[in-house]
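Fold and contact review
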Amino acid sequence: MTAGREWPSLPALRRSLGARQETSVALVRRCLDRIAAVDPLVRAVIAVDEAALDAAAEADRLTAGGAPGGPLHGIPVLVKDNIDTAGLASTAGSRLLAGTPPERDAEVVRRLRAAGAVVVGKTNLSEWANLRSVHGIEGWSAVGGQTGNARLPGHSPWGSSAGSAVAVATGMAPLALGTETDGSIVCPAAVNGVVGAKPEPGLLPLDGVVPGSAAQDAVGVLATRVGDAAICLDVLAGGGLLGEPVPLAGRRLGRWQPPGMDAAAERVADGFCARLAAAGAVVVPVELPLDANLLDDGVTALIAELRPGLESYLRSRGGVPATLPELIAANRDDPVELSLFGQDLFEAAAAVSPTDRMVARVLRERSTRRARALIDGLLHDHRLDAVLAPTGPPAWPLDHAAGDRPVRGSSTPAGLAGYPVVSVPAGFDGALPVGVSVFGPAGTARTLALAEAVERAGGPPRAAGAWPRHVRALHPTPRTG
């Protein structure tokens, strides 16, 4: 395999490893070489694990000894830096956590290692998973700086799992873990041209993950194929997510146009849906009305949920600010943390009273119930298998002086409902990728199966000509099948 070319599928990699035609050490070296070559241009990686080659060598020794290897055995993986890795980074992008790494792996990382996967390093993110300020810069953290879009580094990588998406899109690893509260996996996946799979909250444990909302947070996967993301999630969940391929012919898919969605994204989504219809799917226009009260309930609940979860996490780390007010004060004293934007969400969360928090629990229950009723009713009334919508607009130019621009995505209904969502590459607006999200069914297994069928039928050829010549070296050669 030549550096700069797209990774084979996980099953293909595992066959090569099992047959000893390839080694895990070689795969990890490929990742490290790619990080060294490309990361200075896009700043997607915060830290590299110096023990990765040793872990890969151990995976190879087990393979040589005849030990049965599962689907992740020997596979290199990157991990978002708000997910704890023992002795390595785990900063959430904040300088206040840098230099004091956790002593234990997050449970999802423990499961990765137990399955034989090799953690290569940690990826940059929107600081504190974009929960410090409503004016936060997508993909910027005080520790990692500004992550650039995989296609055009001067454009936004969108979403707090930006580093994971950009790293996969530029070939630094075949898989990366991300986290999502509302859009933080699927949005960066969409604008960087990869797959983002967010399962339903609760499927994977959140122990050792910097929290935002216990009701909405989920660990998910960034990959180049839905099938690879499904395999990784299946291993982490202990099985039950993989089944027979779902045929697309005859499936009823609802085409939702979110209010205010970018016109270019809608054009790409329309072309994508036309290809699905040509493959035998029945695509029907639908509406999904999200009223202001529903959205307000969700935001109020999230702000109230932030402080208790975050303070519990901080106490588990030791050597860092232990309370949200201490964190706010330390940010004010730091010369970098507030250089681009403030911490209004932190301040609002710190001001929530115990009475407000009790009210917020009611609002959370109400918003979840209403969001599920909207989605379930839509599926029932139109006899749908899933809903499709453009994940969001193409990436926009970065401008720290003006601040990040407000953009609309389609992740909120599934986020509020606690339902899974998968974004798949749908096409391009010029050089910039656009994704389409698949959501609706309550179960992750069903959503993954439908997303893979949609990807199979609707994915356009990704010709090298779709890339501007001056950035083509950034990205692996696109697949054509």
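Here is a short report on the structure shown in this document. The structure presented is a predicted model; accordingly, all values stated were derived computationally and were not measured.

1. Let's talk about the overall build of the protein
The secondary structure content of the protein amounts to 14 helices and 13 strands. Radius of gyration (C-alpha) of the protein: 21 Å, near the 23 Å computed for a compact globule of 481 residues. Each principal axis of the C-alpha distribution contributes one length, and for the protein these read about 60 × 55 × 45 Å. Counting across all 481 residues of the protein, residues that qualify as buried make up 59%. Taking the intrachain contacts of the protein between residues at least 6 apart in sequence as the baseline, contacts between residues at least 24 apart amount to 76%. A total accessible area of about 17,700 Å² is found for the protein, and carbon and sulfur atoms account for 53% of it. Of the charged side chains in the protein, 45 are positive and 49 negative; the average position of the first set lies 5 Å away from that of the second.

2. A few points about the environment of Gly 136
Among the secondary structure elements, Gly 136 is positioned in the loop between strand 3 (118-123) and strand 4 (140-141). You can call Gly 136 buried: its relative accessible area is 11%. Once the C-alpha coordinates of Gly 136 and Gly 403 are considered, the two residues, 267 residues apart in sequence, prove to be 8.0 Å apart. For Gly 136, the residues in contact, after removing those within four places along its chain, are Asn 130, Phe 341 and Asp 404.

3. Brief notes about empty space enclosed by the protein
Here the structure, examined in full by the defined rule, presents three cavities of 30 Å³ or more. The volume enclosed by the largest cavity comes to roughly 130 Å³. Around the largest cavity, the lining is made up of 19 residues, and of these Ala 129, Leu 131, Thr 181, Val 210 and Gly 212 lie nearest the centre. If you list the elements that add at least two residues to the lining of the largest cavity, you get strand 6 (175-180) and helix 9 (292-317).

4. A few points about the packing of helix 9 against helix 12 (residues 354-382)
Following both chains from N to C, one finds helix 9 and helix 12 inclined at 135°, their axes separated by 8 Å at the closest point. Regarding the angle of helix 9 to helix 12, the classification is oblique. For the crossing formed where helix 9 meets helix 12, the hand is left-handed. Listed contacts from helix 12 to Asn 293, Leu 294, Asp 297, Gly 298, Thr 300, Ala 301, Leu 302, Ala 304, Glu 305, Arg 307 and Pro 308 of helix 9 are Arg 357, Ala 360, Leu 363, Arg 364, Arg 366, Ser 367, Arg 370, Ala 371 and Leu 374. Its residues assigned to classes, the contact of helix 9 with helix 12 shows nine nonpolar, four polar and seven charged.

5. Details of the side chain of Asp 228
Structurally, the position occupied by Asp 228 is in helix 7 (residues 226-237). Those residues in contact with Asp 228 that sit more than four places away from it in its chain are Pro 8, Ser 9, Leu 10, Pro 11, Leu 175 and Ala 223.

6. Here we look at the environment of Phe 272
Tracing the chain through its elements places Phe 272 in helix 8 (residues 263-278). Residue Phe 272 is classed as buried on the basis of its relative accessible area, which comes to 0%. Filtering out sequence-adjacent residues up to four positions away, Phe 272 remains in contact with Val 424, Pro 425, Ala 426, Val 436, Val 454, Gly 458 and Gly 459.

7. Quick word on the pattern of salt bridges
Scanning all chains against the criterion turns up 19 salt bridges. Notably, a salt bridge pairs Asp 81 with Lys 122, separated by 2.8 Å at the nearest N-O pair. Separated by 41 residues along the polypeptide, Asp 81 in the loop between strand 2 (76-80) and helix 4 (107-114) and Lys 122 in strand 3 bring together distant segments of the chain. Of the residues examined, Asp 81 reaches a relative accessible area of 0% and is grouped as buried. Exposure remark for Lys 122: the relative accessible area of 0% places this residue in the buried category. Several salt bridges share partner residues, and in doing so they unite Glu 107, Arg 110 and Arg 111 into one network.

8. What to know about the layout of surface pockets
If you add up the space inside the largest pocket, you get close to 1,400 Å³. Lining the largest pocket are 40 residues; nearest its centre among them are Asp 182, Val 299, Val 407, Ser 411 and Thr 412. Elements represented by at least two residues in the lining of the largest pocket include exactly helix 9 and helix 13 (412-417). The leading source of residues in the lining of the largest pocket is helix 9, at five residues. Grouping the amino acids of the lining of the largest pocket by side-chain chemistry returns 20 nonpolar, 15 polar and five charged. Lining the second largest pocket are 19 residues, with Asp 207, Gly 208, Val 209, Tyr 313 and Ser 316 sitting closest to its centre. Among the residues making up the lining of the second largest pocket, the classes are represented as eight nonpolar, four polar and seven charged.

9. Re the nonpolar core
Buried together is how nonpolar side chains tend to be arranged in soluble globular proteins. Ranked by size, the top nonpolar core spans 79 residues in total, and within it Leu 78, Ile 83, Met 172, Leu 175, Leu 177 and Val 454 carry the most contacts. With seven residues, helix 7 is the single largest residue contributor to this core. Ignoring sequence-local partners within four residues, the contact set of Met 172 consists of Trp 7, Cys 31, Arg 34, Ile 35, Val 38, Asp 39, Val 42, Ala 44, Val 45, Leu 78 and Ala 167. Membership of the second largest hydrophobic core comes to 26 residues, among which are Leu 384, Ala 395, Leu 416 and Leu 432.

10. Here we look at the packing of helix 9 against helix 10 (residues 324-333)
It is the contact of helix 9 with helix 10, at a shortest axis distance of 9 Å, that shows an interaxial angle of 80°. Overall, the two elements helix 9 and helix 10 adopt an arrangement that is roughly perpendicular. Between helix 9 and helix 10, the residues in contact are Arg 307, Leu 310, Glu 311 and Leu 314 and Leu 324, Pro 325 and Leu 327, respectively. Class assignment of the residues belonging to the contact of helix 9 with helix 10 gives a composition of five nonpolar, no polar and two charged.

11. Section: unusual backbone geometry
Residues other than glycine seldom take positive phi values, yet Ser 90 does so here, at roughly 65°. The residue Ser 90 is located in the loop between strand 2 and helix 4 in this model. One non-glycine residue, Trp 128, lies in the positive phi region at around 55°. Within the secondary structure, Trp 128 sits in the loop between strand 3 and strand 4. Judged by its relative accessible area of 4%, Trp 128 is buried.

12. Concerning the state of the cysteines
Taken as a whole and judged by the stated rule, the model has zero disulfides. Considering cysteine sulfurs only, Cys 31 is the nearest to Cys 232, which forms no disulfide, with 14 Å between them. Judged by its relative accessible area of 0%, Cys 232 falls in the buried class. Cys 273 takes part in no disulfide bond, and the closest cysteine sulfur, belonging to Cys 187, lies 18 Å away.

What counts and what doesn't
Residues numbered from 1 in each chain as written. Predicted model: local features only at pLDDT ≥ 70, side-chain atom pairs only at ≥ 80, totals over all residues. Heavy atoms only, no water. Helix = DSSP H or I, 4+ residues; strand = E, 2+ residues; numbered from the N terminus. Rg over C-alpha atoms; globule rule 2.2 N^0.38 Å. Buried < 20%, exposed > 50% of the residue type's maximum accessible area, 1.4 Å probe, protein only. Contact = heavy atoms within 4.5 Å. Areas by Shrake-Rupley, 256 points an atom, 1.4 Å probe, with all protein chains shown as cover. Lys, Arg positive; Asp, Glu negative; His and termini not counted. Charge placed at Lys NZ, Arg CZ, Asp CG, Glu CD. 1 Å grid on protein atoms, 1.4 Å probe; cavity = no way out; pocket = protein on both sides within 12 Å on 5 of 7 lines; lining within 4 Å. Points joined across faces, edges and corners; volume = space filled by probe spheres on them. Axes fitted to C-alpha atoms, helices over the stretch in contact; angles between N-to-C directions. Parallel < 35°, antiparallel > 145°, perpendicular 65-115°, else oblique. Left-handed = near helix turned anticlockwise from the far one by under 90°. Nonpolar A, V, L, I, M, F, W, Y, C, P; charged D, E, K, R; others polar. Salt bridge = Lys/Arg side-chain N within 4 Å of Asp/Glu carboxyl O. Core = buried A, V, L, I, M, F, W, Y, C linked by side-chain atoms within 4.5 Å. Disulfide = S-S within 2.5 Å.

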